[in-house]
Amino acid sequence: MPRLSEVIAALENLWPAEWAESWDAVGTVVGDPDQEVARVLFAVDPVREIVDEAVRLGADLIVTHHPLYLRGTTTVAASTFKGRAVHTLIKNDIALHVAHTNADRADPGVSDALAGALDLRVVRPLVPDPSDPDGRRGLGRVCELDHPVTVREFAARAAARLPATAQGIRVAGDPEALVRTVAVSGGSGDSLFDDVRAAGVDAFLTADLRHHPAAEFMADRAHSPLALLDAAHWATEWPWCELAAAQLDEISDRHGWDLRVHVSKTVTDPWTAHAASITTDSLGAPN
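Residues numbered from 1 in each chain as written. Predicted model: local features only at pLDDT ≥ 70, side-chain atom pairs only at ≥ 80, totals over all residues. Heavy atoms only, no water.

**Examining the overall build of the chain**
Alright, step 1. Check the secondary structure of the chain and you find 9 helices and 11 strands.
Alright, step 2. Rg of the C-alpha trace for the chain: 20 Å, near the compact-globule value of 19 Å for 287 residues, within the 12% margin.
Alright, step 3. For the chain, the spread of C-alpha atoms along the principal axes amounts to about 65 × 50 × 30 Å.
Alright, step 4. Of all intrachain contacts in the chain linking residues separated by at least 6 positions in sequence, the fraction that spans at least 24 positions is 68%.
Alright, step 5. Approximately 14,400 Å² of the chain is accessible, and the part contributed by carbon and sulfur atoms is 50%.
Alright, step 6. Computing the positive centroid from 25 side-chain charges and the negative centroid from 42, the chain places the two 2 Å apart. (Helix = DSSP H or I, 4+ residues; strand = E, 2+ residues; numbered from the N terminus. Rg over C-alpha atoms; globule rule 2.2 N^0.38 Å. Contact = heavy atoms within 4.5 Å. Areas by Shrake-Rupley, 256 points an atom, 1.4 Å probe, with all protein chains shown as cover. Lys, Arg positive; Asp, Glu negative; His and termini not counted. Charge placed at Lys NZ, Arg CZ, Asp CG, Glu CD.)

Quick look at the structure:
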């Protein structure tokens with residue numbers, strides 16, 4: 001069996017820390033470099049449900065997309081939910097490693113996995129990484145469909161192919177407009193509106209779209225008449241777990257490590273229910 005340090009070196013080769021945003025917190029959070037690793041669990045969030053799942057599975061390492069501590073802390077007391085996670089990990093000899101915005105920028109990365117889940121052909125990064133001479137790394141992806149579909153049909157495809165969540169897919173724009181090209185970005189994407197507009201695509205699928213940025217973007221549709229599709233944050237990033245697990249599987253086979261690699265199917269999206277509004281022919285706010 002490989003040591004944790006060997007597995008981490010392989011992961012950092014896939015997602016180097018220097019690709020992460022300056023505000024991010026990536027890398028190994030918990031773990032003894034000399035401990036042996038036989039079983040690895042991939043997940044989006046380092047929350048209690050995932051830590052408990054790793055304990056039941058007998059995992060030696062959890063790899064998550066989201067950081068446990070994105071900002072500094074002065075305590076890992078077990079009276080806090082993050083401190084409890086740290087205590088549980090250490091008591092059970094489970095390491096935790098984070099690949100966040102460095103995995104967003106990677107080739108392949110989070111948005112490649114999202115495009116693959118939607119059966120889209122990746123053309124190029126939405127925001128190319130200037131440090132990549134090949135022009136393949138960067139944030140988001142510009143993609144093409146095999147054949148045009150309506151916004152309504154594309155939203156239905158996303159709802160069917162991404163993991164089910166209470167939110168589903170929200171749409172802004174003409175449901176009957178045709179979609180030939182799509183920009184996608186796993187996770188929060190409304191900071192990329194200028195890049196989406198410049199890409200000249202027909203639709204943008206991402207997550208966490210806020211009212212004011214989305215409203216202003218749609219008000220400017222005369223210059224860029226495209227549709228917005230807003231999915232749950234967790235759902236847009238979960239496909240990366242399967243991609244990352246496959247990458248580690250290939251590395252394990254190449255090195256003869258015989259790792260057992262798992263992807264958590266535990267839904268850690270915070271929203272648990274959805275009540276649809278009752279629509280009428282004359283929509284409006286309540287009197």
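Past the structure itself, the notes keep going.
**Quick look at the side chain of Thr 150**
Alright, step 1. Examined against the element boundaries, Thr 150 turns out to sit in strand β6 (residues 138-150).
Alright, step 2. For Thr 150, the residues in contact, after removing those within four places along its chain, are Pro 175, Glu 176, Ala 177, Leu 178 and Val 179.

**What about the packing of helix α5 (residues 110-117) against helix α9 (residues 233-255)?**
Alright, step 1. α9 packs onto α5 with a crossing angle of 100° between their chain directions and a minimal axis gap of 7 Å. Considering the angle they form, α5 stands roughly perpendicular to α9. Note on element contacts: α9 touches α5 through Thr 236, Glu 237, Pro 239, Trp 240 and Leu 243, opposite Val 110, Ala 113, Leu 114 and Ala 117.
Alright, step 2. Of the residues contributing to the contact of α5 with α9, the split by class is 7 nonpolar, 1 polar and 1 charged. (Axes fitted to C-alpha atoms, helices over the stretch in contact; angles between N-to-C directions. Parallel < 35°, antiparallel > 145°, perpendicular 65-115°, else oblique. Nonpolar A, V, L, I, M, F, W, Y, C, P; charged D, E, K, R; others polar.)

**Here's the deal with helix α8 (residues 211-219)**
Alright, step 1. When we look at burial in α8, the residues that qualify are Ala 214, Phe 217 and Met 218. Projection of α8 onto a plane perpendicular to its axis shows the buried side chains occupying an angular sector of 95°, all on one side. In α8, the exposed positions that point more than 90 degrees away from the buried face belong to His 212, Glu 216 and Ala 219.
Alright, step 2. Those residues of α8 hidden inside the fold are in contact with β7 (170-172), α7 (193-199) and β10 (227-231). (Buried < 20%, exposed > 50% of the residue type's maximum accessible area, 1.4 Å probe, protein only. Arc of directions from axis to C-beta.)

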